[in-house]
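Here are the chains, one letter per residue:
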Amino acid sequence: MRHLLSISDLSKAEALQILNTAEELARVSDGPMKKLPTLRGRTIVNLFAEDSTRTRISFEAAAKRLSADVINFSAKGSSVSKGESLKDTAQTLQAMGADAVIIRHSASGAAQRLADSQWMTGSVVNAGDGTHEHPSQALLDAFTIRRHLAHGGDDLTGLHIAIVGDVLHSRVARSNVLLLTKLGAQVTLVAPPTLLPVGVESWPVKVSYDFDSIIESVDAVMMLRIQLERMTELFFPNAREYSRYFGLNKDRLKKMKPTAIVMHPGPMNRGLEITADSADSARSVILEQVTNGVSVRMAILYLLLAGSQEIGASE
Amino acid sequence: MSSTILISGGTLPDGKKSDLLIKDGKISEIATKIEPQGAQVIAASNSILLPGLVDLHTHLREPGKEDAETVESGSRAGVKGGFTALSAMANTSPVADTAGVVEQVYRLGQSTGLLDVFPIGAVTRGLEGEHLAEIGAMADSVARVRVFSDDGHCVFDPLVMRRALEYVKKFNGVIAQHAQEPRLTQGSQMNEGIVSSQLGLKGWPAIAEEAIIARDVLLADHVQARLHICHLTTAGGVEIIRWAKARGIKVTAEVTPHHLLLTDELARSYDPIFKVNPPLRTEADVMALREALADGTIDIVATDHAPHPAETKECEWQEASFGMLGLETALSIVNKTMVETGLMNWATVADRMSYAPARIGLYENQGQELKVGAPAHIAVMNPTSLFTVDRDLVASRSRNTPFHGMELPGQIVATIFNGAVVYEGSQL
C-alpha cells in the first residue's frame, strides 16, 4: 500500500489488515507507554484545504503517537480563491521532504490528483475529498462495528447496517458502502429520493425511503450530517419535515434491536438528523468512534510508512 | 507560393485514383496521368484527397486570451489537421457581439492567410442572454457573419431564442445553440450517471441538453427559421433531431470528434484533461452519435477546439476549465471511429467535414467537390499511417489534448488552400 485514496483500492485482506493492526495499536494506546518510536524522523503533513478540526486532530494524534514529526498546513479555500494551486502546494511540500501528506480538500479527487501527479513522491492519505470518499472514516466505523457486533469474527458478515441521510453529498456514505459490503455486511441506504445519487441501483446496497420500515432489522444505524443549505437547494421542504421522516429520535430508538448501536461521523446537528437523547443514549457509540479513529489512523500511517516492521519493535 | 502543384496518384473521395493538377488557385485538371511539367509534386499514392475541411466550431481565443491561442496559431493547428476554413466562436474578450470585433478577427484570419477564418457572431450582447447583439451589423460587415452563437452559454430564454431565430431569417442566417438548460446544470462537472455518483462529481444530466433541443426545434418550426445544434452528445438528443428532421424542421446538428470516441469512464482519473462541456457521455451515447453521423441525422463533425493554458488543467477537477483541443486530431478520429469501423466511406466524410458545414455556414468558395474549376482547397491524408499524439508537438499554443499518448490512424500529408501548400507533413 503506497497511498490510501479510496476504499475501492483496498482488497478485503488489506482492509482487515488495517483493522487488525488498529486493534494491536489500540492495545498499545491502552498501556502505560502510549507512544511508539516507529515513525521517528518521518515527516507527515496535514494538508487541510477545508475546515475539519476533528479529522485533523485525529490524524495529528495518530502521527504523534508513532513519533512522526507533524506539520499542519491549512490552505483554506479553493486553490483558485487562495491563489496558490494544488500543484504549487504539493511541490512545496515535496521540497520540504514530506514522507506523507494527509489531505482534506473540498474538491472530489484532490487526493488522487496529488498521488497521480509528478508533483510529489510521498504517500497520500485521503482525509476526505469533496463528495467522493473519506476512507479513514469508513475504516474507523467498520472497526467500531466489528468491536461491538462481530462477536470475535473477522469481518461483518451477517450484519445489517443502515446509512441514513444525505447520501448524495456524503463522502462518508460512499466509503462506507464500499467497505461495509466488502466486509460482508448488508447495507441499506435510507434517504429521501432527492438525496440519493443517480444510479444508486447499481450500488451493492438496498435503498429505502422509509426509515421506520427498516429500523427494527438493523444492527447499526449510521446517521449522516445534513447541511441546512440543502433545504434552500430544494432537496427537502424544511428541517422539521426532514427530522420527522429521516431523523433518529426516541421512538425509533425504542424499536431497534436490543444490541443495535447508533453511530454518527460528526459533527452532529442535534435536533436535526439526531435528537440529543439518541446521541447520548446507551446505544450511542459516537465517542468510541472518535477514540477508535486514532487507532485506525495510526494503523494507516504505520502500514503506509513503516513497511514490514513489527508493531512495538524497540529501537 | 507555387503556381502549379501536381498531386499524383491520390484517391478521390469517390474511390477513384487520379492525378490532380492545381493552377492559379483552382483545380485545373483531373486525369489518370498528368505530366508534372515543372509543377511541385505531392506524392499521394497512399493517400485520400478530401475537399479542405471546414470547421463550424473553433475557439481561437483572440482577442483576449492570446496565451491560449491566437488566430495565427489556431490557423496553424487547423491546416495541420487538414482544415481550410475555421469558424471563430464569439466568446472572446471582448465578446464578438459587434461589427468591430468580427471584422478584427476576420482581418487577422486574412493576414495569417493559411485558411479562411469565418467569425461567428454572438446572439446576445456580452453572451448574457438578454439583449440581441448587433446581428445585422455583423452580417453586413466585411466578415459577412451568417452563423450566430452564444456558445459556452445557452440562449435559455425562449423569447430571446425565438427573436434571434426570426431575426437572422433576413439574411438566411442560422442560430447555433449551445443546448444546456442552466438550472439543471448548476455547478455541473461531468455526465450525470453511475460514474459521477461514484466519483462525487456533480452531474450534467442528458435531459438538460435534450430539453433545450426539444424546445428549440419546436421554436424553429414555429418561426420557420434555421437552427443548428452545437456539439450534440446524447442518444436522446439524436432521437429529437431525427424526429424534427422527419417533420421537415430546418435543423442541423454537429458532433465533436471527442464525443465520437471518449466516454465518462475517463473521469475516473480525475484528470481534467477529460473535462469538457458538454461532458463526455456513456458508451451507449457514443454509439448513437456514430450511427446518427453515418445516417445523416447529425450533419457534420465540428471540433469545438478549445485551447486552455496549462494552469487551468493542472489542478483539481472542479477548478479546471472545460474544453479540449480538436483541430489537429479531428480527421484521424473520424477515420478511427467512422471509417475504420465501416460506418462511413470517404465520400461521406467529405460531406460531414467539408460540404455540409460550408453549406450550413453559407461559406461560399469552401466545401466544394474536387472537380475541375473548383477552388483548390484540399486535404491530403494517408489514412493508414499511424502516429502517436504528443501534446508537446501540437501547433496550437495550448497542450490540452485528451488524446496525448494515443495512437491514431491517418496523418495529414499536405493541406492546400487557394492553390498553395499551407501545410506539409513529415511524410512528404
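Basis of the calculations
- Throughout, residues of each chain are indexed from 1 in the direction in which the sequence is written.
- Chains carry letters from A onward and ligands carry numbers from 1 onward, assigned in written order.
- Where totals are concerned, whole chains, interfaces and linings use all residues; where local detail is concerned, this predicted model gives features only for residues with pLDDT of at least 70, and gives and counts side-chain atom pairs only at 80 or more.
- For side-chain calculations, the full set of non-hydrogen atoms in the structure is used, while hydrogens and water are omitted.
- Each helix is a run of H or I in the DSSP string that is no shorter than four residues. Each strand is a run of E no shorter than two, and both are numbered from the N terminus.
- C-alpha atoms define the radius of gyration in this analysis, and the globule rule sets the expected value at 2.2 Å times the number of residues to the power 0.38.
- We call two residues in contact whenever any of their non-hydrogen atoms come within 4.5 Å of each other.
- The charged-residue count follows a simple rule in which Lys and Arg add positive charge and Asp and Glu add negative charge, with His and chain termini not counted at all.
- Every charge is mapped onto a representative atom, which is NZ of Lys, CZ of Arg, CG of Asp or CD of Glu.
- All domain edges in this entry derive from an automatic or database-based domain assignment.
- Note: buried area is the sum, over both parts, of the accessible area (probe 1.4 Å) each one loses when the two are combined.
- A pairing counts as a salt bridge when a side-chain nitrogen of Lys or Arg comes within 4 Å of a carboxyl oxygen of Asp or Glu.
- For the purposes of these results, a polar contact is taken to be a pair of N or O atoms within 3.5 Å, where, inside protein, one atom must be able to donate a hydrogen and its partner to accept one; residues adjacent in sequence count only when each atom of the pair is a side-chain atom.
- Lys, Arg, Asp and Glu make up the charged group, whereas Ala, Val, Leu, Ile, Met, Phe, Trp, Tyr, Cys and Pro make up the nonpolar group; the residues left over, Gly among them, are polar.
- Two strands qualify as a pair provided that DSSP identifies no fewer than 2 bridges between them.
- Orientation is described by axes fitted as lines to C-alpha atoms, over the contacting stretch for helices, and by angles from 0 to 180 degrees between their N-to-C directions.
- For classification, angles of less than 35 degrees are called roughly parallel, those exceeding 145 degrees roughly antiparallel, those between 65 and 115 degrees roughly perpendicular, and all remaining angles oblique.
- By the definition used in this description, the sense in which the near helix is turned from the far one sets the handedness, with an anticlockwise turn below a right angle giving left-handed and a clockwise turn giving right-handed.
- For each residue, the accessible area found with a 1.4 Å probe, counting protein chains only, is set against the maximum for its type, and the residue is called buried under 20%, exposed over 50%, and partly exposed in between.

### Notes on the overall build of chain B
Thought 1: Scanning chain B from N- to C-terminus turns up eleven helices and 18 strands.
Thought 2: Its C-alpha atoms give chain B a radius of gyration of 20 Å, within 12% of the compact-globule value 22 Å for 428 residues.
Thought 3: Dimensions of chain B along its principal axes, counting C-alpha atoms only, are 65 × 45 × 45 Å.
Thought 4: Summarising the internal contacts of chain B: among those between residues at least 6 apart in sequence, 74% fall at separations of at least 24.

### Digging into the overall build of chain A
Thought 1: The helix and strand tally for chain A stands at 13 helices and nine strands.
Thought 2: At 19 Å, chain A has a C-alpha radius of gyration in line with the 20 Å of a compact globule built from 315 residues.
Thought 3: Principal-axis analysis of the C-alpha atoms gives chain A an extent of 55 × 45 × 35 Å.
Thought 4: For chain A, the centre of its 34 positive side-chain charges and the centre of its 34 negative side-chain charges are spaced 3 Å apart.

### Considerations on the domain arrangement of chain A
All names here are of chain A.
Thought 1: In terms of domain boundaries, chain A breaks down into domain 1 (7-134 + 291-305) and domain 2 (135-289).
Thought 2: Taking the mean C-alpha position of each, domain 1 and domain 2 sit 25 Å from one another.
Thought 3: Each partner contributes to the roughly 2,700 Å² buried at the junction of domain 1 and domain 2, and carbon and sulfur atoms together form 58% of this total.
Thought 4: When the area that domain 1 buries against domain 2 is broken down by residue, the three leading residues are Ile7, His134 and Asn292, summing to 26%.
Thought 5: Where lysine 12 meets aspartate 155, a salt bridge forms, and the shortest distance between an N and an O atom there is 2.7 Å.
Thought 6: There are 21 residue pairs in polar contact (both at pLDDT 80 or more) connecting domain 1 and domain 2.
Thought 7: Classifying every residue of the side of domain 1 that touches domain 2 by side-chain character gives eleven nonpolar, 13 polar and eight charged.

### Quick notes on the sheet that holds strand β15 (residues 300-301) of chain B
All names here are of chain B.
Thought 1: The strand order across the open sheet built from five strands is β9-β10-β13-β14-β15, with neighbouring strands paired in parallel fashion. Lying at the two open borders of the sheet, with one neighbouring strand each, are β9 (147-148) and β15.
Thought 2: With three bridges joining them, strand β13 (residues 227-229) and strand β14 (residues 251-255) adopt parallel strand pairing. Bridge pairing in β14 places leucine 227 opposite valine 251.

### What to know about the packing of helix α1 (residues 12-30) of chain A against helix α6 (residues 135-149) of chain A
All names here are of chain A.
Thought 1: As a packed pair, α1 and α6 sit with axes 10 Å apart at the nearest point and diverge in direction by 70°. Here α6 runs roughly perpendicular to α1, going by the angle between their axes. In this structure, α1 crosses over α6, and the sense of that crossing is right-handed. The residues of α6 that touch α1, namely those facing Ala15, Leu16, Ile18, Leu19, Asn20, Ala22, Glu23 and Ala26, are Leu139, Ala142, Phe143, Arg146 and Arg147.

### Considerations on the packing of helix α10 (residues 330-339) of chain B against helix α11 (residues 346-361) of chain B
Residues and elements named next belong to chain B.
Thought 1: One way to put it is that α10 packs onto α11 with a least axis distance of 11 Å and a crossing angle of 135°. Considering their axes alone, α10 and α11 lie oblique with respect to each other. For the pair α10 and α11, the crossing hand works out as right-handed. Mapping the contact onto sequence places Ala330, Leu331, Val334, Asn335 and Val339 in α10 and Trp346, Val349 and Met353 in α11.
Thought 2: Residue composition of the contact of α10 with α11, grouped by class: seven nonpolar, one polar and no charged.

### Overview of the interface of chain A and chain B
Thought 1: At the junction of the two partners, chain A supplies 24 residues and chain B supplies 20 residues.
Thought 2: Between chain A and chain B lies a buried interface of about 1,700 Å² when both sides are counted; carbon and sulfur atoms form 49% of it.
Thought 3: Considering only the surface of chain A that becomes buried against chain B, Ser108, Arg113 and Val198 of chain A emerge as the three largest contributors, covering 32% of it.
Thought 4: Applying the counting rule to chain A against chain B returns two salt bridges.
Thought 5: Across the pair aspartate 271 of chain B and arginine 113 of chain A runs a salt bridge whose closest N-O atoms are separated by 3.6 Å.
Thought 6: Where chain A touches chain B, the interface holds eleven residue pairs in polar contact (both at pLDDT 80 or more).
Thought 7: Listed by contribution, the elements that provide at least two residues to the side of chain A that touches chain B are α3 (79-82), α4 (86-95) and α5 (110-116) of chain A.
Thought 8: Of the residues forming the side of chain A that touches chain B, the biggest block, four residues, is contributed by α5 of chain A.

### Concerning α10 of chain B
Thought 1: In terms of burial, α10 of chain B is largely enclosed, as nine of its ten residues are buried.
Thought 2: Taken residue by residue, α10 of chain B has Ala330, Leu331, Ser332, Ile333, Val334, Asn335, Thr337, Met338 and Val339 of chain B as its buried positions.

### A few points about the sheet that holds strand β5 (residues 160-164) of chain A
Residue and element names in this part refer to chain A.
Thought 1: Here we have five strands laid out as an open sheet, ordered β7-β6-β5-β8-β9, and parallel in their pairing. Every interior strand has two partners, whereas the edge strands, β7 (206-208) and β9 (261-263), have only one. Neighbour to neighbour, the strand axes of the sheet diverge by 20° on average, direction disregarded.
Thought 2: One ladder, built from three bridges, connects strand β8 (residues 220-223) with β9; its direction is parallel. The residue of β9 that forms the bridge with valine 221 is valine 262.

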